[in-house]
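Survey of secondary and tertiary structure
Here is how the chains run, residue by residue.
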Amino acid sequence: MTAVGHLTLGRIDQSLGRAAMAITFAEGAVNGEFRQVFGGMTAVPVRVRGTSLAIMPRYAGYFDFQSNDERRGELDLTFRLSGPAVPSGCSIGTDADPIRLVLKETEASTVVSQEPLIVAFGVADNRFAAPGTSGCGRLGPVLDRVLRLPSPAGGNSLGLDARVSFRSYGSTAEISR
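The following paragraphs examine the structure supplied in this document. (Residues numbered from 1 in each chain as written. Predicted model: local features only at pLDDT ≥ 70, side-chain atom pairs only at ≥ 80, totals over all residues. Heavy atoms only, no water.)

1. Focus on the pattern of salt bridges
Charged atoms that come close allow side chains of opposite charge to pair. Taken as a whole and assessed by the stated rule, the structure comprises 5 salt bridges. Measuring nitrogen to oxygen at the nearest pair gives 2.8 Å for the salt bridge that ties Asp64 to Arg71. By relative accessible area, which is 16% here, Asp64 ends up buried. On the basis of relative accessible area, Arg71 is assigned to the buried category, the value being 12%. One salt bridge connects Arg100 with Glu74, and the closest N-O pair in it is separated by 3.6 Å. Taken together, the positions of Arg100 in strand β9 (residues 99-114) and Glu74 in strand β7 (residues 73-82) put the pair 26 residues apart, joining distant regions of the chain. Glu74 gets classed as buried once you look at its relative accessible area, which sits at 15%. (Salt bridge = Lys/Arg side-chain N within 4 Å of Asp/Glu carboxyl O. Buried < 20%, exposed > 50% of the residue type's maximum accessible area, 1.4 Å probe, protein only. Helix = DSSP H or I, 4+ residues; strand = E, 2+ residues; numbered from the N terminus.)

Laid out in structure tokens, this is it:
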């Protein structure tokens, strides 16, 4: 799955760029039970407009892309911050206290290609709270003030235009964690 979109997080309000995120995952029946296996996530840093900072979404240990009437999926993220004098572990959210996105469909699925099968759709979450920075040392309070963090639920949003490409592993493939 690849996704591009727009992020509003505290003071940050901007596009995530052309190749914001790519997520690899597998799902299907294993020994008669439905399972999902996370494969990995890559993202590119995006400059925070009006600052010397960059922000990059990172996987924070939980996903569930099984859709139902209430949601299109869930994903835990942190947002890594980088820039002059910013420590390497500085982020918004942590693996222990991530930002949990509950993605709602904003655009219905459309088939972009039959071979290979590629489906496009839109999702968004505008109900999550954003914590203050973590792992930023003495720079943390300054970054929180500049970025207006923490930010309450309803003051943040992530909208994504996603494309999912499907690959069949066949009926005898074994998925393992």
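2. A look at the environment of Arg167
Following the sequence through the fold, Arg167 ends up in the segment after β12 (157-165). Owing to a relative accessible area of 65%, Arg167 belongs among the exposed residues under this scheme. Sequence separation of Arg167 and Ile118 is 49 residues, and the distance between their C-alpha atoms is 9.7 Å.

3. Section: unusual backbone geometry
Cis geometry marks the peptide bond from Glu115 to Pro116; its omega dihedral reads 0°. Within the element layout of this structure, Pro116 appears in the loop between β9 and β10 (117-125). Following Leu149, the chain continues to Pro150 via a peptide bond in cis, the omega torsion being -5°. When you line up the elements, Pro150 lands in the loop between α1 (140-147) and β12. The backbone of Ala85 shows a phi angle near 70°, a positive value even though the residue is not glycine.

4. Points about the pairing of β12
Alternating residues of β12 divide into Leu158, Leu160, Ala162 and Val164, all buried, and Ser157, Gly159, Asp161, Arg163 and Ser165, none buried. Sheet topology note: the strand β1 (residues 2-9)/β12 ladder contains 7 bridges and is antiparallel. Paired with Thr8 across the strands is Ser157, a residue of β12. Relative to β12, β10 runs antiparallel, the two being bridged by 8 bridges. Looking at the pairing, Ala120 lines up with Arg163 of β12. (Pairing = 2+ DSSP bridges.)

5. Notes on the pairing of β1
One ladder, built from 2 bridges, connects β1 with strand β3 (residues 21-30); its direction is antiparallel. Considered in β3, the bridge of Ala3 is made with Met21. Relative to strand β2 (residues 12-15), β1 runs antiparallel, the two being bridged by 4 bridges. In the sheet register, His6 faces β2, and the bridge partner there is Ser15. Taking the residues that link successive antiparallel strands as the turn, the β1-β2 hairpin has 2 residues, and the phi of Gly10 there is positive, at about 60°.

6. Topic: the state of the cysteines
Think of a disulfide as a covalent bridge from one cysteine sulfur atom to another cysteine sulfur atom. Counting across every chain of the model gives 1 disulfide. A sulfur-sulfur separation of 1.9 Å characterises the disulfide bridge that pairs Cys90 with Cys136. What sets the handedness of the Cys90 and Cys136 disulfide is the S-S torsion sign, and at about 80° it is right-handed. Here Cys90, found in the loop between β7 and β8 (91-92), pairs with Cys136, found in the loop between β11 (133-134) and α1; they are 46 residues apart in sequence, far enough to count as distant. In this pair, the class of Cys90 matches that of Cys136, namely buried. (Disulfide = S-S within 2.5 Å.)

7. Considerations on the nonpolar core
Core analysis: the largest hydrophobic core is formed by 39 residues, its most contacted members being Leu9, Ile55 and Ile92. Residues within four places of Leu9 in sequence aside, it is in contact with Ile55, Phe79, Ile92, Ile99, Phe128, Ala130, Leu147 and Asn156. (Core = buried A, V, L, I, M, F, W, Y, C linked by side-chain atoms within 4.5 Å. Contact = heavy atoms within 4.5 Å.)

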